[in-house]
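Residues per chain are reported as follows:
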Amino acid sequence: MYVCGITPYDATHLGHANTYIAFDLLNRYLRATGSRVIYVQNITDIDDPLLERANRDGVDWRELANSQIDLFRADMVALHVLPPAHYIGAVEAIPLVTKAIESLNQINATYLVDEDTYLDLHKDLGFGEISHLSPDEMPAIFAQRGGDPERVGKQDALDPLLWLKQRFGEPGWESALGKGRPGWHIECCAIALNFLDVDNTEHTSIDIQGGGSDLIFPHHEMSATQAKLITGKDFARHYVHSGMVGVEGEKMSKSKGNLVFVSKLIASGVDPMVIRLALLMHHYREDHMWSNEELSTASEFLDDLRTALSRTEVAPTDIVITEIIAALANNLDTPRAITVLSGWVTQSLSGSEDCVSGGSAGELSRAIDALLGLAL
Ligand code: 5CA
Ligand code: ZN
């Protein structure tokens with residue numbers, strides 16, 4: 001499983017948290033049901049937005065990235081997110097990126113504009129199969145998300161940048177392509193192909209490509225095209241996209257400045273498990289607006305759950321565990337899993353003797369921890 005990681009200039013907001021909790025849930029479910037999971041995540045530790053933010057704030061881009069990566073990792077630990085097996089920065093992956101571009105060169109799928117290297121998308125006849133967008137819709141979204149459809153000299157407006165020649169005042173790394181830095185989409189493609197256990201007998205290179213739904217186009221479309229041209233087969237068996245979290249009617253994003261930070265909530269005394277539960281109350285694929293009321297609802301439920309789990313006599317738990325697994329098996333239906341738990345809590349706290357017996361609070365507690373990542 002490859003999940004697109006952060007660009008470390010403003011982490012970790014609740015949108016990021018929602019995305020990494022969604023894939024943590026998938027990781028936990030796959031492991032609990034017997035799969036061996038190799039989980040790889042990148043860090044886009046060199047890209048335009050990081051350099052722009054560092055310039056704006058008058059800080060070194062490396063310091064900015066390192067500080068945000070530290071914060072992100074601490075937030076993930078607090079939220080009980082299992083770490084990936086490989087957590088790879090774009091900078092450390094530069095040799096893999098240049099090797100990937102070299103493979104694309106060999107099939108004549110690259111060209112230069114001035115001294116920057118671009119991919120000729122037309123080499124992949126399947127381009128567009130991931131997002132199912134029409135060619136008319138693509139350029140505007142491409143431009144919004146870091147693309148350069150207007151650049152003069154490109155063969156097709158949508159062709160993505162593979163390698164940017166070093167600009168004055170910007171960092172660059174020596175390579176056969178000249179001194180420069182990697183494009184965004186080739187970074188994820190190169191890291192995924194090199195750190196996942198690509199099985200040559202399978203029809204796809206990897207099993208799962210994940211990220212938030214804002215990455216479907218152009219990012220996952222472009223990464224898939226590049227990987228397909230390099231390997232000759234489809235990139236991922238499944239594409240999984242989590243919904244966007246917004247505040248007051250708008251998507252939460254760095255550019256809008258409406259971010260709610262996990263570290264700030266925790267510093268203000270909010271239990272990280274309350275944050276996790278508040279996010280799990282929504283289906284991972286659903287877009288939703290964050291509100292602080294969700295914290296109160298989650299906090300009350302978590303208190304009741306802890307009270308019920310501390311009792312020696314509780315309602316039957318085997319059926320609850322089975323139903324939670326069934327809910328997760330149905331496209332990670334966490335709202336359903338929480339409804340099941342809530343029914344058990346009500347029963348266990350009801351005080352009525354006939355239904356409050358026969359369960360094992362310890363077993364249920366361990367199942368909730370393993371499957372939902374809620375440490376109680
Ligand atoms: N570094 C690239 C991916 S290679 C990137 O998109 N970084 S990011 O920091 O902008 O986003 C990190 C992850 O959080 C991505 O998977 C993205 O889809 C997700 N994400 C960003 N904003 C939100 C949001 N408002 N709600 C939910 N998920 C979000
Ligand atoms: Zn990515």
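Right above here is the structure, for reference.
1. Thoughts on the packing of aromatic side chains
1) Next: Counted according to the given criterion, the structure contains five aromatic pairs.
2) Next: On the numbers, 6.4 Å between centres and 20° between planes, the contact of F72 with Y87 is stacked. Taken together, the positions of F72 in helix α3 (residues 61-78) and Y87 in strand β3 (residues 86-89) put the pair 15 residues apart, joining distant regions of the chain.
3) Next: The interplanar angle of 20° and the centroid separation of 6.1 Å between the aromatic rings of Y111 and Y118 together place this pair among those described as stacked.
4) Next: On the basis of relative accessibility, which here comes to 0%, the residue Y118 falls in the buried class.
5) Next: Grouped by ring-pair contacts, the aromatic residues Y20, F72 and Y87 constitute a single cluster.

2. With respect to the sheet that holds strand β2 (residues 40-43)
1) Next: One open sheet holds the five strands; their spatial order is β3-β2-β1-β8-β9, and the pairing between them is parallel. Taken across any chain shown, the strands that pair with only one partner, and hence form the sheet edges, are β3 and β9 (234-242).
2) Next: Along the sheet, helix α6 (residues 184-195) makes contact with β1 (2-3), β2, β3, β8 (204-212) and β9, crossing β2 at roughly 145°.

3. So, the sheet that holds strand β6 (residues 161-165)
1) Next: Pairing is antiparallel in the open sheet, where four strands are placed in the order β4-β5-β6-β7. Looking at the sheet topology across the chains shown, the edges are occupied by β4 (110-113) and β7 (180-182). Averaged over all adjacent pairs, the angle separating strand axes in this sheet is 20°, with direction ignored.
2) Next: By the bridge criterion, four bridges tie β4 to strand β5 (residues 116-119) in an arrangement that is antiparallel. Within β5, the residue paired with V113 across the bridge is D116.

4. Observations concerning the site of ligand 1
1) Next: Near ligand 1 you find 23 residues, and of these G5, T7, T44, D214 and M252 are the closest.
2) Next: Side-chain polar atom of T19 to a nitrogen atom of ligand 1: 2.9 Å apart, as the coordinates give it.
3) Next: When the free accessible area of ligand 1 is taken as 600 Å², the share hidden by the protein chains comes to 94%.
4) Next: Here the element with the most residues in the shell around ligand 1 is helix α1 (residues 14-32); it accounts for four residues.
5) Next: Its residues assigned to classes, the shell around ligand 1 comprises nine nonpolar, twelve polar and two charged.

5. Looking at the side chain of T19
1) Next: For T19, the position within the fold is in helix α1.
2) Next: Within the structure, T19 has its side chain in polar contact with the side chain of S242 (distance 3.0 Å).
3) Next: Excluding residues that lie within four positions of it along the chain, T19 makes contacts with G211, G212 and S242.

Calculation criteria
Residues numbered from 1 in each chain as written. Chains lettered and ligands numbered in written order. Predicted model: local features only at pLDDT ≥ 70, side-chain atom pairs only at ≥ 80, totals over all residues. Heavy atoms only, no water. Phe/Tyr/Trp six-rings, centres within 6.5 Å; stacked < 30°, edge-to-face > 60°. Helix = DSSP H or I, 4+ residues; strand = E, 2+ residues; numbered from the N terminus. Buried < 20%, exposed > 50% of the residue type's maximum accessible area, 1.4 Å probe, protein only. Pairing = 2+ DSSP bridges. Contact = heavy atoms within 4.5 Å. Axes fitted to C-alpha atoms, helices over the stretch in contact; angles between N-to-C directions. Near = heavy atom within 4 Å. Polar contact = N/O pair within 3.5 Å; in protein donor to acceptor, adjacent residues only side chain to side chain. Areas by Shrake-Rupley, 256 points an atom, 1.4 Å probe, with all protein chains shown as cover. Nonpolar A, V, L, I, M, F, W, Y, C, P; charged D, E, K, R; others polar.

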